[in-house]
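Okay, here's what each chain looks like letter by letter:
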Amino acid sequence: MSLRVFPVVLACALLILPPEGGSHKFPESNPWLPPSGGRSAASPLFVESAAATGLDFTHVNGATGQYYMAEQMGAGVALFDYDNDGDLDVFLVQGGPFDAGARRTTGPTCKLFRNDLTDGPNGKRTLHFTDVTERAGLALRTYGMGAAVGDYNNDGYLDLLVTSFGAITLYRNNGNGTFTDVTSAAGLSDPLWSTSAAFVDYDRDGHLDLFVANYLDFSPASNKVCHDAVGARDYCSPRAYRPVPARLFHNDGNGRFTDVTEPSGIARAFGAGLGVATGDYDGDGWPDVYVANDATPNQLWINHHDGTFVDEGLLSGAAVNAAGNPEGSMGIASGDFNRDGSEDLFVTNIIGETFALYVNDGHGNFEDARTKAGLAAPTAAFTGFGTDWFDFDNDGWLDLFVANGAVNIIDAQRGQPAPFRMKNLLFRNVGGRFQDASAEGGPAFARAEIGRGAAFGDIDNDGDVDVVVTNNGGPVRLLLNQAPRSNHWLALKLEQPEKNRFASGAWVGVERTGEPTLWRRVRTDGSYLSASDVRLHFGLGDSPTVTAVVVQWPDGTRERWTSIKSDTVVTLKRGTGNAGAGG
Amino acid sequence: MALALVGTPARAQDGVPPLPRVALDTFPPAARDAIAVAQRDATAKSTDAGAVGAFARVLQAWEQWDAAHEAYARAQALAPRAFEWRYLDAVVLQRLARPADAAAQLSQALAISPDYLPARVKLAEAWLDAGEAERSAGSFAAVSDPAAQPAAAFGLGRIAAAGGRHEEAVKQFERAVELFPEFGAAYYGLAQSYRALGRRDDARRALEQHARYGARWPAVEDPVLASVTTLRDDAGAILQRGIKLAESGDVEGAITAHETALVRDPSLAQAHANLISLYGRARNWPKADEHYRAAVAAGVDVASAQYDYGVVLGLQERWSEAAEAYRKALAVNPLHAGAHNNLGQTLERARDFTAAAAEYRRAVESEPTLRIARFNLGRMLIALGRNEDAIVELRKLIEPRDAEAPRYLFALSTAHLRAGHRDEAVKWATDAKDLALQFGQAELAAAIERDLASIR
């Protein structure tokens, strides 16, 4: 495929360029920031701002005292710019009364909050969210679990998939602020307990396919009575039920999907699926899929380029712990934390197991490095869910956030309402080893809640990555990043002209003199039940200089741009760089 | 019995940690009563290391890890030269995933009793988990008792693998599985090192063994820890022992344990549910029936109860009643692959092949890895003359090539033969026969040979 070469196109689509068109300056003040607009040595890295910004949502788990498994698992969140106005909107998945069945006509709904970020005089901006659920047609009433985001119909607007107990729902973004439920018209159906999902163009035909993880064969009628160690009624282990297989749907390119679970080989192995991440783990240029399973071995579905996958999880070393035992895996962070150019996997597990760090050698062979990297001991006392790599301090090293919350009664909280509360974790990546930075995170990290979903993106467009965290049976939290602003950054939005418009799956490197190339993949999946910003964010450290940006597009072709300015959002349109460039 | 809302802790004195606070009023009666007795004794004799340590052991038995650790800390402070409390505290710390702290405790415990083998093994393992490879290797190498050799070889293999010395790791892992052939973890380690050396076929074979043996681990006799694990005699603990006995094949022992648990707690519905299949395995039909009725009346885990009862009825060749039980199981859990498969078998016996094939297909849809259901589906499709469809299904059973595979390959051969693909039929029948011989299935091999002779 020959590509025309155009000049570099810089950040024209997003509304964050300062009036003079140069490097973006941080705002002088923000309503949720200290008056100085900066951060003193003692001020927290993150400030919880959900209520202050109008993000008013409380998850309803519908707990009845019957200890139904599904009550404790939800729900997720999606961060995506549904109206293409340059800022991230928030979609929150709702549970509801569990006994009500797959579809309800009354009760709480999922919610879409439009980001009405405004720029005022002198760069002053205000972050405010408006509930546009009804207008958008997203008042879904299922027992919701998670959300996935992708432009499945290549119209340039991000669409939305909602997973639920007993159903999946595909919403087509109409491009006018509204969505249409096209599940049936698209030929999609999954009556199982679906959890995380991912849009991934596994056959590289330019149409985003859909992978849906399913969990257990639990149903209210088959509910089992389980007890904790002291004999008190408690939620069952996933081992009390049978895992059910994931599903893979091929996008036929005409608005319809075909269930290819069986012919693709995806049905040949399965566990109790909770987390899904995509990446090119064996470095062959084709997207693979990693699935975090609860109490069953995780799967690494290696793409064989012919529409089939083979699970190489156990052989790869990324399926179980060093003793060969499966762990209670929930969330996934997929990314190049050690800056060696390959995607590594961080997997959150249940309390007592420690969270796993599988380091990739670039060929899909993984080493369990949780102890070596300093992540074993600090995670032992936590049950982790939503997570991702993100460079919160823009120093060029991917850090970690983990939303935590127990699934079984915590002894110290026995007798209290919802005795499953845990604090969230923040880890700073220091040269490939991790330091617990939770104490610096501020009050938001001192509060114990039942954390589940987490989505990542620069919500206030101020040059650093923020986090939205969902809590089971509790309020959503918006953690606005207030880390010191001494470091530089670069955000990239990729565009392809016709197919796979957001370039999902592209592999992007930022080259800097004397420093290793920083690699990130365009994706919205990972974490737990959640979808994060499709834009890429690179922390650059103390030097603003970017030598070049290299994009390996999803079809394998490469393009290179030079003269990229930092501290701004840059849109890279396919065909505007130097085609075929290495890097 | 009057219980305080929170157990009153003994005061810290002269650096001696206080007794833990335990919110006993939030515990169910069995746990509350058992812990309260030990707590009262420890509170009354708060400077008696034996009483405090006994309290800690009870807390450990009830998996109150943090409280147990606190109580052990006090017992150790009161009796610094006692091995038992340090060792058990280390076990608790390992359970709390604090391997560095556990290693420190084990080092001190071994300074008191250097020859206690489980402590020496645990110390080496704790160092390894704490990332102290050199110390761990030294500890493993110093373990000479034959009972601990498999664990030592496994540990040394892990250390070598972590250091990138995979040739050495392979030697250690191979030694571990030679000493303890059911060592699932060692097979996993072996597979990883084979892979690192580019021996992927060997790695896959090792992973098959890992899948076969799972978490089986070479046990080292540990009387000190056994003093904790045998403390509990409540219904829940007895039920768990019964489940383990059932898993080990001791049906009579499992039945006794389950019945004892029910005597302790007649409301223990799970015991009724488990006893359906246990009495079925013992061919005691009236008792299986009795517990089936009790489980259904309790309304707990009804799908499993109905399924197990269906199996019991099938064992008695009461096929129509078995079918009814499977249908009841499926009414509760439509995804129950086993119930679909077994219902298919009852329909097949009634020669309703179309309905049987439909049930087998539902079983496969629910659980695509349930090979027996796919095999049954393939057979039914052959019986219905849908040979090409049968080939599609049976081809999915070509891998893995284990002891089950010969009959699957034979069925595939049959489907090809019926579809008129003589060469394919010969190929798969030959393959099936060779594999059958490889797994010592002489009778099946002879049957395949007879078919082959007629085809040729």
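A brief structural summary. Worth saying up front: this structure is predicted, and the values here are computed from it rather than measured.

Points about the packing of aromatic side chains
All names here are of chain A. Summed over the entire model, instances satisfying the criterion amount to 46 aromatic pairs over all chains. Ring plane angle 35 degrees and centroid distance 5.7 Å describe the contact between Y152 and F257, whose orientation is recorded as tilted. One end of the pair, Y152, is in the loop between β8 (144–150) and β9 (159–164); the other, F257, is in strand β17 (residues 257–259), and 105 residues separate them in sequence. With a relative accessible area of 3%, F257 lands in the buried category. Ring plane angle 70 degrees and centroid distance 6.3 Å describe the contact between W553 and W561, whose orientation is recorded as edge-to-face. Residue class for W553 comes out buried when judged on its relative accessible area of 1%. With a relative accessible area of 1%, W561 lands in the buried category. Within the aromatic cluster, the residues linked to one another by ring pairs are Y68, F98, Y143, F165, W193, Y215, F218 and Y241.

Quick word on the sheet that holds strand β34 (residues 507–512) of chain A
Residue and element names in this part refer to chain A. Here we have five strands laid out as an open sheet, ordered β35-β34-β37-β38-β40, and antiparallel in their pairing. Across the chains shown, the open sheet's two edge strands, defined by having one partner strand only, are β35 (515–521) and β40 (578–579). Summarising the sheet, β34 and β35 pair through five bridges and their orientation is antiparallel. Each residue of the ladder has a partner; that of R512, found in β35, is E515.

Concerning the sheet that holds strand β13 (residues 209–214) of chain A
Where strands meet in a sheet, backbone hydrogen bonds hold them as pairs that are either parallel or antiparallel. Residue and element names in this part refer to chain A. In space, the four strands of this open sheet follow the order β12-β13-β16-β17, with antiparallel pairing throughout. The strands lining the two open edges of the sheet, one partner per strand, are β12 (194–200) and β17. If you compare each strand with its neighbour and ignore which way they point, the axes differ by 20 degrees on average. One ladder, built from five bridges, connects β12 with β13; its direction is antiparallel. Opposite V200, over in β13, you have D209 as the bridge partner.

What about the environment of S543(A)?
Looking at where S543(A) falls in the secondary structure, it is placed in the loop between β36 (536–541) and β37 (548–552). Through-space distance from the C-alpha of S543(A) to that of W489(A) is 9.1 Å; in sequence the pair is 54 residues apart.

Re the nonpolar core
Across soluble globular proteins, nonpolar side chains have a tendency to be buried as a group. All names here are of chain B. Core analysis: the biggest nonpolar cluster contains 67 residues, and L268, I276, L278 and L394 have the highest contact counts within it. Here this core takes seven residues from helix α23 (residues 405–418), the largest share from any one element. Of the residues that make up this core, three or more belong to each of domain 2 (232–307) and domain 3 (398–456). Residues in contact with L278, not counting those within four places in the same chain, are A246, V251, A254, I255 and H258. In terms of nonpolar packing, the next biggest core, distinct from the first, is built from 48 residues, F55, A61, L88 and V91 among them.

Topic: the interface of chain A and chain B
When the parts of a complex come together, some accessible area is lost, and that lost area is often used as the size of the interface. With 42 residues of chain A in contact, the opposing surface of chain B contributes 43 residues. Interface area, chain A with chain B, both sides summed: about 3400 Å², of which 55% is carbon and sulfur. For the salt bridge of E262(A) with K396(B), the shortest nitrogen-to-oxygen distance reads 2.9 Å. Between the two partners, chain A and chain B, sit 13 residue pairs in polar contact (both at pLDDT 80 or more). Counting only elements with at least two residues in the side of chain A that touches chain B, the list comes to α2 (313–316) and β25 (366–368) of chain A. Its residues assigned to classes, the side of chain A that touches chain B shows 18 nonpolar, 14 polar and ten charged.

Describing the state of the cysteines
All names here are of chain A. Evaluation of the coordinates by the stated rule reveals one disulfide over all chains. For C226, the disulfide goes to C236, at an S-S distance of 1.9 Å. Across the S-S bond linking C226 and C236, the dihedral sits near 95 degrees, which makes this disulfide right-handed. Of this pair, C226 sits in strand β14 (residues 226–227) while C236 sits in the loop between β15 (233–234) and β16 (247–251), placing them ten residues apart in sequence. The residues C226 and C236 share a single accessibility class, namely buried.

Remarks on the environment of Y171(A)
Residues and elements named next belong to chain A. With respect to the helices, strands and loops of the structure, Y171 is situated in strand β10 (residues 167–173). Relative accessible area serves as the criterion here: at 4%, Y171 is assigned to the buried category. Taking C-alpha positions, Y171 is 22 Å from E495, a pair spaced 324 residues apart along the chain. Not counting residues up to four positions away in its chain, the partners in contact with Y171 are G137, L138, L140, D159, L160, V162, F179, T180 and D181.

A closer look at helix α17 (residues 302–315) of chain B
Residues and elements named next belong to chain B. Look at α17: 20 Å from first C-alpha to last across 14 residues, which is about the 20 Å you get at 1.5 Å a residue. Burial analysis of α17 places eleven of its 14 residues in the buried class, the great majority of the element. Among all positions in α17, only V302, A303, S304, A305, Q306, D308, Y309, G310, V312, L313 and G314 are buried. At its buried positions, α17 is contacted by α15 (269–281), α16 (285–298) and α18 (319–332).

With respect to helix α8 (residues 149–162) of chain B
For the α-helix, the turn length of 3.6 residues means that residues three or four positions removed from each other point alike. Residue and element names in this part refer to chain B. The terminal C-alpha atoms of α8 lie 20 Å apart, and with 14 residues this matches the ideal 20 Å at 1.5 Å per residue to within 8%. Within α8, ten of the 14 residues are buried, leaving the element largely enclosed by the surrounding structure. Contacts made by the buried residues of α8 are with α6 (117–129), α7 (133–141), α9 (166–179) and α10 (184–196). Once α8 finishes, G164 follows within two positions and takes phi at roughly 80 degrees, a positive value.

Some details on the environment of F129(A)
Residue and element names in this part refer to chain A. Within the fold, F129 resides in strand β7 (residues 129–131). The spacing of F129 and P554 is 425 residues in sequence and 33 Å in space, taken between C-alpha atoms. Sequence-distant contacts of F129, that is, excluding residues within four places in its chain, are made with T53, G54, L55, L88, V90, F113, R114, N115, I459 and L478.

Remarks on the pairing of strand β26 (residues 384–390) of chain A
All names here are of chain A. Of all seven residues making up β26, seven are buried, and the element is well covered by its neighbours. Pairing of β26 with strand β27 (residues 399–404), which is carried by five bridges, proceeds in the antiparallel orientation. Note on β27: the bridge partner recorded for F390 is D399.

Focus: empty space enclosed by the protein
Rolled over the atoms, a probe as big as a water molecule pinpoints where empty space is left. Residue and element names in this part refer to chain A. The tally for this structure, following the rule as stated, stands at seven cavities of 30 Å³ or more. Approximately 420 Å³ is the volume attributed to the largest cavity. Forming the walls of the largest cavity are 27 residues, and the residues nearest its centre are D388, W389, R535, L536 and H537. Secondary structure elements with two or more residues in the lining of the largest cavity: β22 (332–335), β26, β30 (451–457), β35 and β36. Taken together, the residues that form the lining of the largest cavity break down as eleven nonpolar, six polar and ten charged. Taken as a whole, the second largest cavity holds about 190 Å³ of empty space. Lining the second largest cavity we find 19 residues, and of these G285, P287, G505, R521 and P554 sit closest to its centre. Broken down by secondary-structure element, the contributors of at least two residues to the lining of the second largest cavity are β12 and β18 (273–279). Taken together, the residues that form the lining of the second largest cavity break down as seven nonpolar, seven polar and five charged.

Criteria and cut-off values
- Residues numbered from 1 in each chain as written.
- Chains lettered and ligands numbered in written order.
- Predicted model: local features only at pLDDT ≥ 70, side-chain atom pairs only at ≥ 80, totals over all residues.
- Heavy atoms only, no water.
- Phe/Tyr/Trp six-rings, centres within 6.5 Å; stacked < 30°, edge-to-face > 60°.
- Helix = DSSP H or I, 4+ residues; strand = E, 2+ residues; numbered from the N terminus.
- Buried < 20%, exposed > 50% of the residue type's maximum accessible area, 1.4 Å probe, protein only.
- Pairing = 2+ DSSP bridges.
- Axes fitted to C-alpha atoms, helices over the stretch in contact; angles between N-to-C directions.
- Core = buried A, V, L, I, M, F, W, Y, C linked by side-chain atoms within 4.5 Å.
- Domains from an automatic or database assignment.
- Contact = heavy atoms within 4.5 Å.
- Buried area = accessible area lost by both parts, 1.4 Å probe.
- Salt bridge = Lys/Arg side-chain N within 4 Å of Asp/Glu carboxyl O.
- Polar contact = N/O pair within 3.5 Å; in protein donor to acceptor, adjacent residues only side chain to side chain.
- Nonpolar A, V, L, I, M, F, W, Y, C, P; charged D, E, K, R; others polar.
- Disulfide = S-S within 2.5 Å.
- Expected span 1.5 Å × (residues − 1).
- 1 Å grid on protein atoms, 1.4 Å probe; cavity = no way out; pocket = protein on both sides within 12 Å on 5 of 7 lines; lining within 4 Å.
- Points joined across faces, edges and corners; volume = space filled by probe spheres on them.

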